[in-house]
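# Remarks on the overall topology
Each chain, letter by letter, is given below.
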Amino acid sequence: MAKPAASAGAAPLLSVRGLEAWYGESHVLHGIDLDVAPGEVVTLLGRNGAGKTTTLKSIMGVMARRKGSVSFEGKETIGLPSRTIARLGIGYVPEERGIYASLSVEENLLLPPQVRPGGLSLPQIFELFPNIKERLKSQGTKLSGGEQQMLAIGRILRTGAHLLLLDEPTEGLAPVIIDQIGATIRKLKQEGYTIVLVEQNFRFAATVADRHYVVEQGKVIDMIANADLDANIDKLHGYLGV
Amino acid sequence: MFELLGIPPQALFGQVLLGLINGSFYAILSLGLAVIFGLLNIINFTHGAQYMMGAFVAWMCLNYFGINYWAALLLAPIVVGATGIAIERLLLKRIAHVDHLYGLLLTFGLALIIQGLFRNQYGSSGLAYQIPAELRGGQNLGFMFLPYYRGWVVVASLVVCLATWFLIEKTRLGAYLRAATENPTLTQAFGINVPLLVTLTYGFGVALAAFAGVLAAPIYSVNPNMGADLIIVVFAVVVIGGMGSILGAIVTGFSLGLIEGLTKVFYPEASATVIFIIMVLVLLVKPAGLFGRAA
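Scope of this entry: the structure provided in the associated data block. (Residues numbered from 1 in each chain as written. Chains lettered and ligands numbered in written order. Predicted model: local features only at pLDDT ≥ 70, side-chain atom pairs only at ≥ 80, totals over all residues. Heavy atoms only, no water.)

### Some words on the pattern of salt bridges
To be explicit about the condition: Each salt bridge in this description consists of a side-chain nitrogen of Lys or Arg and a carboxyl oxygen of Asp or Glu lying within 4 Å of one another. Helix and strand assignments follow DSSP, with helices taken as H or I runs no shorter than four residues and strands as E runs no shorter than two, numbered in order from the N terminus. When accessible area is computed with a 1.4 Å probe and restricted to protein chains, residues below 20% of their type maximum are described as buried, those above 50% as exposed, and intermediate ones as partly exposed.
All chains considered together, the criterion is met by 10 salt bridges over all chains. One salt bridge connects Glu-106 of chain A with Lys-137 of chain A, and the closest N-O pair in it is separated by 2.7 Å. In this pair, Glu-106 of chain A sits in helix α3 (residues 105–110) while Lys-137 of chain A sits in the loop between α5 (130–134) and α6 (145–157), placing the two residues 31 residues apart along the sequence. In this structure Glu-106 of chain A comes out as partly exposed when scored by relative accessible area, which is 26%. By relative accessible area, Lys-137 of chain A is classed as exposed at 69%. Among the salt bridges present, the one from Arg-89 of chain B reaches Glu-88 of chain B, with a minimum N-O distance of 4.0 Å. Overall, Arg-89 of chain B belongs to the partly exposed group, its relative accessible area being 38%. With a relative accessible area of 3%, Glu-88 of chain B lands in the buried category. One salt-bridge network, held together by shared partners, links Glu-107 of chain A together with Glu-169 and Arg-178 of chain B.

### Some words on the pairing of strand β4 (residues 65–72) of chain A
Residue and element names in this part refer to chain A. Short version of the rule: In this scheme, strands are said to pair when DSSP sees at least two bridges between them.
Relative to β4, strand β1 (residues 14–23) runs antiparallel, the two sharing 7 bridges. Each bridged residue has a counterpart across the sheet, and for Ala-21 the counterpart in β4 is Arg-66. Relative to strand β5 (residues 75–76), β4 is paired through 2 bridges, and the arrangement is antiparallel. By the bridge assignment for β5, Phe-72 is matched with Lys-75. Following β4, the chain reverses through 2 residues before pairing antiparallel with β5; Glu-73 in that reversal takes a positive phi of roughly 50 degrees.

Following this line, the structure appears as structure tokens:
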């Protein structure tokens, strides 16, 4: 098993050790270990059902049954409810974006409460995602998939959270929109955000990430630095079955 | 004076007013049920008993403490709402993770207990509650006589219903509520205290029932069974409007009261069943209700 990288010598912002989780009786995470340094963009790669989404959900505290250790800025969060974890400064973009149909675009955008100072203002969000501004009064789910993804990212940038958990932000989107999401993630990295990204699409992941954790059957089985991706491409194909 | 289909206007408009009054109670009660069902997924069978408690608290306020109608209109919803909060915290919370059928059984049992306790203490013949002095008497409108208190009930209900609609559909708090109704897990993961919202929502729904109870006290006698009789019709109203729909509850409540009143004029034999006939028809054609979203 690969050791989590102690990257750049910085104390990790997020540190996960021996994380296990269950859906009812079904044991789906069997001991996830990973570290994310401040300002890093890290992806979780793996096949369908490997446990990537569950890992994000467990970090966020939305899995009812979990054990092990998740520490954020040195604070243990494994026993905390998700609303408390969010208020520590973690923003979550769930799979399929989680846009509310019963809320307008504006209400979706303003829903997550500010958890820390330093979040983006509405004009800054509109600058990043101009499409949203024109559709504020529309029903949230009337937006296109790409616009919904931008809304899902935009609404957590308002909160001041500085660790972002993004679950497959490119899923089902057109290539031109994927490019736009990629540019946004790189920009957020420049601004100092720390990002954990779940991806099926490792070609996209390679354009934004510093490191990649490979998840299989509820465990981290390898860690590949983005710089070493080319050298490990065959191995990665094997892991992902592509 | 003119006549419509052989019905004198006094009788016609009298029944229209009665229908609107009944509709007012249907609307407030089904609105409370809709709010509770939306967030808690529980069909609150205690609702009728809580309506009755509102009337009784108004009666107790007056007879034990000399607190008048207007103060009771504010106080009774707060007191009964607080008992609702206690019920949610102590009982409903514990069964939130099991099948919602248990919530229905629990609230049904609670209704029987509460009604039994009140019957034991106050009997079932009913207690009188005077119309407040400011609203006694009425006005002859030419085509009908309008008792002030009845007009007040319709106006107060409309105002409360529209204020509730505004609160839920147009405010930040309402957006939290709608978000928690649609996706509680994600809403919680944004840092919003969903369990607290659930408790307050139940308390609010119950307070609405109690408010309706105070409005009803001077019209019907204050009786331990007053809610049990009404709640069956209100459930039919909720089914017709669509479970969980706020606007649906309001519009359907008032309309069905009116339809019931008109049926009393034109075909009195059907007046007790017309709402249930409409319920059957709506369920056949649009099972999610007139305003409901299909699941």
